[in-house]
Amino acid sequence: MAAKKSDDVPTEIAEAQDSLERRIRAHIAKARVQVTLTDNRYTMISVRRVAKERRYEVRLHCMFVDADPVITRALAKYIADNDADASRILGDFIDENSDHVKGRARRAPQQLIFTAGEHYDLRQMFDELNARYFDNKIEAAITWGQRTGRPKRRNSIKMGSYSVEDKLIRIHRSLDRSFVPKFFVEWIVFHEMLHQVHDITVKNGRREFHSKEFLADEARFEHYVVARDWERRHIDALLTY
Ligand SMILES: [Zn+2]
């Protein structure tokens, strides 16, 4: 019988986690993988990379418990390389199994969640901001957006977005680069979190995404002035992605 992982995880779940971990690990040579099974409604897959320990902390929806070798290999490639083909395979798998997701409308779009970037871990950032500014009341998933091909100069970039229906914050990959300071990424994440607090209002027949109250609230961010100033000075670099 397998030993319990910790006191509060029932043995059968601990065994299922161990087994899934082993099957994924078989495809990843150079890092350790730690799997936690969840029944989260919004996040089917979330990956956190602990770079200095060469370790991935992976939270997977329990629909993956009996995943076959094709799926476990795709998980490994997705976890280690954020591989696009793997991501498609997993997306299909999640769609096929979406009726296992508690409380979720069957045809609701599924989202692949990828929180661990090259430079910034969005989950960690979200958790810190949630504790510091929101009393841990924000309930949303967060992910980096899709990777794109060759860098080019764009006319505009949507640095962040918040989907009310999916409770999903998406942050543009352009921000996951070494020249972008942490406070700037935090500001964008903070801004998107505020969208859950402030409803969109209608003013003079137009939807108003950023009301006076929203903007006042946004200015509470500790590095607000510095972040705005940094954006103004680095807009060209941000738009080249
Ligand atoms: Zn906004």
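Residues numbered from 1 in each chain as written. Predicted model: local features only at pLDDT ≥ 70, side-chain atom pairs only at ≥ 80, totals over all residues. Heavy atoms only, no water.

Caption draft 1: Looking closely at the overall build of the protein. For the protein, the helix and strand inventory stands at 7 helices and 8 strands. Radius of gyration (C-alpha) of the protein: 19 Å, near the 18 Å computed for a compact globule of 241 residues. Dimensions along the principal axes, computed over C-alpha positions, put the protein at roughly 60 × 35 × 35 Å. Residue burial in the protein is summarised as follows: out of 241 residues, 48% are buried. (Helix = DSSP H or I, 4+ residues; strand = E, 2+ residues; numbered from the N terminus. Rg over C-alpha atoms; globule rule 2.2 N^0.38 Å. Buried < 20%, exposed > 50% of the residue type's maximum accessible area, 1.4 Å probe, protein only.)

Caption draft 2: Summary view of the coordination of the zinc ion. On the protein side, the zinc ion has His191 (NE2), His195 (NE2) and His210 (NE2) as donor atoms, found 2.0 to 2.1 Å from it. For the zinc ion, the single-chain donor residues occur in sequence as H-x3-H-x14-H. Of this pair, His195 sits in helix 5 (residues 182-197) while His210 sits in the loop between strand 8 (206-208) and helix 6 (212-218), placing them 15 residues apart in sequence. A relative accessible area of 13% places His195 in the buried class. (Donors = N, O, S within 2.8 Å, 3.2 Å for Na, K, Ca; no water.)

Caption draft 3: How the structure looks around a nonpolar patch on the surface. Where nonpolar side chains cluster on the molecular surface, the patch consists of Val164, Ile200 and Phe209 and spans about 250 Å² of accessible area. Secondary-structure assignment places Ile200 in the loop between helix 5 and strand 7 (201-203). (Patch = residues over 30% accessible without salt bridge, like charges linked within 9 Å, V, L, I, M, F, W, Y side chains within 5 Å. Areas by Shrake-Rupley, 256 points an atom, 1.4 Å probe, with all protein chains shown as cover. Salt bridge = Lys/Arg side-chain N within 4 Å of Asp/Glu carboxyl O.)

Caption draft 4: Seen up close, the sheet that holds strand 3 (residues 55-61). Pairing is mixed across the open sheet formed by 3 strands, whose spatial order is 1-3-2. Edge positions in the open sheet fall to strand 1 (32-38) and strand 2 (45-50), since each of these has one partner strand only. Sheet twist, expressed as the average angle between the axes of neighbouring strands with direction ignored, equals 15°. Bridge count for strand 2 against strand 3 is 6 bridges, and the pairing is antiparallel. Of the residues in strand 3, the one forming a bridge with Val50 is Arg55. Its contacts with the sheet place helix 1 (residues 11-25) against strand 1 and strand 3, and it is angled at close to 140° to strand 1. (Pairing = 2+ DSSP bridges. Axes fitted to C-alpha atoms, helices over the stretch in contact; angles between N-to-C directions. Contact = heavy atoms within 4.5 Å.)

Caption draft 5: Geometry of the side chain of Thr143. Secondary-structure assignment places Thr143 in strand 4 (residues 141-144). Here the side chain of Thr143 touches Phe114 through a polar contact of 2.7 Å, landing on its backbone nitrogen. Excluding anything up to four places from it in sequence, Thr143 contacts Leu112, Ile113, Phe114, Leu122, Leu168, Ile169, Arg170 and Ile171. (Polar contact = N/O pair within 3.5 Å; in protein donor to acceptor, adjacent residues only side chain to side chain.)

Caption draft 6: Examining the nonpolar core more closely. Counting 34 residues, the largest nonpolar core has Ile169, Ile171, Leu175, Phe184, Val185, Val189 and Met193 as its most contacted members. Sorting the residues of this core by element identifies helix 4 (122-134), strand 4, strand 6 (168-171), helix 5 and helix 7 (224-239) as the ones contributing at least two each. A per-element tally of this core places helix 5 first, with 8 residues. Ignoring any residue separated from it by four or fewer positions in sequence, one finds Ile171 in contact with Leu122, Ile142, Thr143, Trp144, Gly145, Met159, Gly160, Ile188, Val189 and Glu192. Within the second largest apolar cluster, 31 residues are counted, among which are Leu60, Met63, Ile79 and Ala116. (Core = buried A, V, L, I, M, F, W, Y, C linked by side-chain atoms within 4.5 Å.)

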